[in-house]
2 protein chains.
Amino acid sequence: MIRHFSWGRQYLWVQFAALLLVLLTAGHARADDPLPSWNEGAAKSAIIGYVTKVTRQGTPDFVPEGERVAVFDNDGTLWPENPMPFQMAYAIDVAKQLAATDPKIAANPMVKALIADDWATLMAAPHHQGFLEIVALTHAGTTVDEFRQSVEAWMKTATHPRFKRRYDQLTYQPMQEVLAYFRANGFKTFIVSGGGADFMRVWSERVYGIPPAQVVGSTTRVVYELRDSGPVLVKTMDNLVVDDKAGKPAGIHAYIGQRPIAVFGNSDGDKEMLEYGTIANPLPSLGVIVHHTDAEREYQYDVNPKSSGTLVEALKEAPQRGWTVVSMKDDWKTIFAPE
Amino acid sequence: MIRHFSWGRQYLWVQFAALLLVLLTAGHARADDPLPSWNEGAAKSAIIGYVTKVTRQGTPDFVPEGERVAVFDNDGTLWPENPMPFQMAYAIDVAKQLAATDPKIAANPMVKALIADDWATLMAAPHHQGFLEIVALTHAGTTVDEFRQSVEAWMKTATHPRFKRRYDQLTYQPMQEVLAYFRANGFKTFIVSGGGADFMRVWSERVYGIPPAQVVGSTTRVVYELRDSGPVLVKTMDNLVVDDKAGKPAGIHAYIGQRPIAVFGNSDGDKEMLEYGTIANPLPSLGVIVHHTDAEREYQYDVNPKSSGTLVEALKEAPQRGWTVVSMKDDWKTIFAPE
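Residues numbered from 1 in each chain as written. Chains lettered and ligands numbered in written order. Predicted model: local features only at pLDDT ≥ 70, side-chain atom pairs only at ≥ 80, totals over all residues. Heavy atoms only, no water.

*Asks:* Looking at this model, I keep getting lost on the sheet that holds strand β1 (residues 69-72) of chain A. Mind explaining?
*Replies:* Pairing between the strands of a sheet comes from backbone hydrogen bonds, and it takes one of two forms, parallel or antiparallel. Residues and elements named next belong to chain A. Strand order in the open sheet formed by six strands is β3-β2-β1-β6-β7-β8, with parallel pairing between adjacent strands. On the outer flanks of this sheet lie β3 (215-218) and β8 (324-327), each paired with one strand and no other. Averaged over all pairs of adjacent strands, the angle between strand axes in this sheet comes to 15°, irrespective of strand direction. Of the strands in this sheet, β7 (286-291) and β8 are in contact with helix α14 (residues 313-321), which crosses β7 at around 140°. (Pairing = 2+ DSSP bridges. Helix = DSSP H or I, 4+ residues; strand = E, 2+ residues; numbered from the N terminus. Axes fitted to C-alpha atoms, helices over the stretch in contact; angles between N-to-C directions. Contact = heavy atoms within 4.5 Å.)

Quick look at the structure:
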């Protein structure tokens, strides 16, 4: 028995030494290269060159810490948006759950179309009314606390149809390194996404190290009520403000109140935010487009653009604006962060 | 010449020694007492007791840093709101300037009333339409950069009619100490005010050490345009969202995305935010009301409430909610921060 215990202790020490070795090596690698998952090339050089430049005190390109604002689109930039944005997957799963117990919801024509996988009907209504009805059913009428619990519960069990991993385990490792690198260099990192702010704030801190107040997203009005149980905020579908396209610079102004100097996006929805950060900015700026070119490891929708990730106009503008275009296939050694 | 120079050096050393003494004494005083401008009493004890409690690791009341969110109303809580909110003084000054060179603006009935000091007419229109017209004239149609420059220029020259000091030199010293004390204890400090976010963000960092992204205020829609000179955001009067009363918890949710644990206000406009932070909050919370009781050094409008600082309902609720009521007359040694 004692012998056995002693073996266990020895084993623990070996584990400890191995862990130490891993940590030291990792620390060493990181000190040499802030972006180890990036292949050497123009994109990696542009990013590192920019950060080095604006943090070198006493030079004309130096930017004081308070002005180091970096904004990141989420869907397609920090994690995938295929086969559909993850928030849509959430809405569909919840709508199906609700329909299973609530005949009134089950009778809704859009929910019926959803259950029948009838995307033609769902997408036929003008102005995305079909999809918005699913969003309204699953996002409005609940309190923000109930909504948070629902998203948390979903995130713990739902898995991506292709990669068979939890959605929050599908963040891009090279972009996680960019986030950490920018923060280590005095940047404040913000998410600026078309996704719902309430949806993203549930996990943004845990998944990206970005606290709720640094998440800018689409919003609707919430209504304050003082109930017997205490104060609540009830979600509605009123005053929908979509944080996409020209809404992104407006959202940045409303929530951050400062012009960003570094902008990362991946689609035409990010074009205006890229312009806002990089054109005629008195401070040195960086614009980066993550280009989905890797059908094998992730998706390739540069050739055959999909509605959620169309990249045509911004790609055309890129050379004249000096934006860096990242090819996921060529510039990234790995795609996803380790589980 | 050498003699003279040597005198100068000696003088510099004396200055240096004096400065050192001041710094050391100040440091000492601060180490002993984080709120030196507060008289000893229930209010000061409540504030210090609360901060001490939630920062004591290993106790049940300990709150992790990420959850230490403190929100502060601005007008009447961090600086005065009499004879009118300072932003209104700005709007009036600018409207008068515009009227001097623009006959169309001079012909506006509300501007006419303003110039004639005819407050009856200005206030007669329902829903503050008179005042909103002045705001629209002076706040909309400009780019956010032009607006910022205008507010900066005004702040450099305009003075308060009674105190004859620049408006940004009228912050309450005891509250400046509270802001610094909370931040030194790992709190993130936010302004949550009925004032315009664009107006406050011009000076919030310089005056309170609160960066633009931590300012929550009233907003209207801004419109993005890419002009030949570069991207601009144009202010409009659309989608006015007033950050007051029930709008404050909603604004906190939209912009901060976390429930505050410490709330400072001074009027009924802060009641819902005080409730939101302190009722049924799973974390230990603090609610504080700054009560304007000092006619001699500032204003006393507790007896004769004015529209911008009415404090009736929140004061009634205070004892049952456990909110701390600060009497400016009795609890504060000094009112204003030194020039």
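*Asks:* Before we go on, may I ask you to explain the pattern of salt bridges in this structure?
*Replies:* Side-chain pairing between opposite charges can occur once the charged atoms of the two side chains come close. Residues and elements named next belong to chain A. In total, this model carries 32 salt bridges over all chains according to the counting rule given. The shortest N-O distance in the salt bridge between Arg206 and Asp168 comes to 3.0 Å. Pair noted here: Arg206 is in helix α11 (residues 204-208) and Asp168 is in the loop between α8 (144-157) and α9 (173-184), with a separation of 38 residues, a long-range link. By relative accessible area, Arg206 is classed as exposed at 55%. (Salt bridge = Lys/Arg side-chain N within 4 Å of Asp/Glu carboxyl O. Buried < 20%, exposed > 50% of the residue type's maximum accessible area, 1.4 Å probe, protein only.)

*Asks:* Any chance you could explain the relation of the copies chain B and chain A here in plain terms?
*Replies:* One copy of the chain maps onto the second through a rotation around an axis plus a translation along that axis. The two copies are related by a screw motion: chain B maps onto chain A through a turn of 180° and a shift of 0.0 Å along the axis, at an RMSD of 0.0 Å. What the superposition gives is, in effect, a two-fold axis relating one chain to the other. In terms of C-alpha distance to the rotation axis, chain B has Tyr255 of chain B as its closest residue, with the C-alpha 3.2 Å off the axis. In this assembly, 100% of the residues forming the interface of chain B have copies in chain A that are likewise at the interface, indicating an isologous arrangement. (Least-squares fit on C-alpha atoms with pLDDT ≥ 70 in both.)

*Asks:* Would you mind showing me how to read the interface of chain B and chain A here?
*Replies:* You'll often see interface size given as the accessible area lost when the parts meet. On the side of chain A, 32 residues touch chain B, which itself brings 32 residues to the contact. Linking chain B with chain A are zero salt bridges. At the junction of chain B with chain A, the criterion picks out ten residue pairs in polar contact (both at pLDDT 80 or more). Looking at the side of chain B that touches chain A, the elements that each hand over two or more residues are β2 (188-196), α10 (197-201), β4 (222-227), β5 (230-235), α12 (247-255) and α13 (271-278) of chain B. (Polar contact = N/O pair within 3.5 Å; in protein donor to acceptor, adjacent residues only side chain to side chain.)

*Asks:* Please clarify how the packing of helix α12 (residues 247-255) of chain A against helix α13 (residues 271-278) of chain A should be interpreted in this entry.
*Replies:* Think of two packed helices as two axes; the pair is described by the angle between the axes and how far apart they sit. Residue and element names in this part refer to chain A. Two elements in contact, α12 and α13, have axes separated by 7 Å at closest approach and are oriented at 55°. Relative to α13, the element α12 lies oblique. Between α12 and α13, the contacting residues are Lys248, Pro249 and Ile252 on the first element and Glu272, Met273 and Tyr276 on the second. A per-class count over the contact of α12 with α13 returns four nonpolar, no polar and two charged. (Parallel < 35°, antiparallel > 145°, perpendicular 65-115°, else oblique. Nonpolar A, V, L, I, M, F, W, Y, C, P; charged D, E, K, R; others polar.)

*Asks:* What exactly am I supposed to notice about the packing of helix α3 (residues 86-101) of chain A against helix α7 (residues 129-139) of chain A here?
*Replies:* All names here are of chain A. Interaxial distance between α3 and α7 falls to 9 Å at its minimum, and their mutual angle equals 65°. With respect to each other, α3 and α7 are oriented roughly perpendicular. The two elements α3 and α7 meet at a crossing, and its hand is left-handed. Counting all contacts with α3, which are made through Gln87, Met88, Tyr90, Ala91, Ile92, Val94, Ala95 and Leu98, the residues of α7 involved are Phe131, Ile134, Leu137, Thr138 and His139. (Left-handed = near helix turned anticlockwise from the far one by under 90°.)

*Asks:* Which parts of the structure should I look at to understand the packing of aromatic side chains?
*Replies:* Geometry of an aromatic ring pair is reported as the spacing of the ring centres plus the angle between the planes. Applying the stated criterion to the full structure yields 45 aromatic pairs over all chains. Residues Phe72 of chain B and Phe182 of chain B carry aromatic rings whose centres are separated by 6.3 Å and whose planes lie at 90° to one another, so their mutual orientation is edge-to-face. Of this pair, Phe72 of chain B sits in strand β1 (residues 69-72) while Phe182 of chain B sits in helix α9 (residues 173-184), and the two are 110 residues apart along the sequence. Each member of the pair, Phe72 of chain B as well as Phe182 of chain B, is classed as buried. Judged by centre distance (5.5 Å) and plane angle (80°), the rings of Tyr90 of chain B and Trp154 of chain B are edge-to-face. A residue pair is termed long-range when its members are at least 10 positions apart, and Tyr90 of chain B in helix α3 (residues 86-101) and Trp154 of chain B in helix α8 (residues 144-157) qualify at 64 residues. Across this residue pair, the class does not change: Tyr90 of chain B and Trp154 of chain B are buried. Put simply, the rings of Trp79, Phe86, Tyr90, Phe147, Trp154, Tyr167, Phe199, Trp203 and Tyr208 of chain A pair up and form one aromatic cluster. (Phe/Tyr/Trp six-rings, centres within 6.5 Å; stacked < 30°, edge-to-face > 60°.)

*Asks:* Explain the pairing of β1 of chain B to me, please; I cannot follow it from the model alone.
*Replies:* Walk down a regular strand and you will see the side chains alternate between the two sheet faces. All names here are of chain B. What you see with β1 is no split at all: Val69 and Val71 on one side and Ala70 and Phe72 on the other are buried throughout. With four bridges connecting them, β1 and β2 associate as parallel partners. What sits directly across from Phe72, in β2, is Ile191.

*Asks:* Quick question: what am I supposed to make of the side chain of Glu177 of chain A here?
*Replies:* Residues and elements named next belong to chain A. Note that Glu177 resides in helix α9. The buried charged residue Glu177 lacks any salt bridge, with Lys44 as its nearest oppositely charged partner at 7.1 Å. The residues contacting Glu177, other than those within four sequence positions of it, are Pro34, Leu35, Pro36, Ser37 and Trp38. (Lys, Arg positive; Asp, Glu negative; His and termini not counted.)

*Asks:* Is there a simple way to think about the confidence of the model for chain A in this case?
*Replies:* In low-pLDDT regions, the fine details of the predicted coordinates are not to be read closely. Averaged over every residue, the pLDDT of chain A is 91; residues scoring 70 or more account for 89%. Contacts for the low-pLDDT stretch residues 1-7 of chain A, under 50 throughout, to residues beyond four places or in other chains number zero contacts. (pLDDT = per-residue confidence, 0-100.)

*Asks:* Would you explain the environment of Pro231 of chain B in this entry?
*Replies:* With respect to the helices and strands, Pro231 of chain B occurs in strand β5. Residue classification places Pro231 of chain B among the buried residues on the basis of a relative accessible area of 7%. Setting aside residues up to four positions removed in sequence, Pro231 of chain B forms contacts with Arg259, Glu275, Tyr276 and Ile279 of chain A together with Tyr224, Glu225 and Leu226 of chain B.

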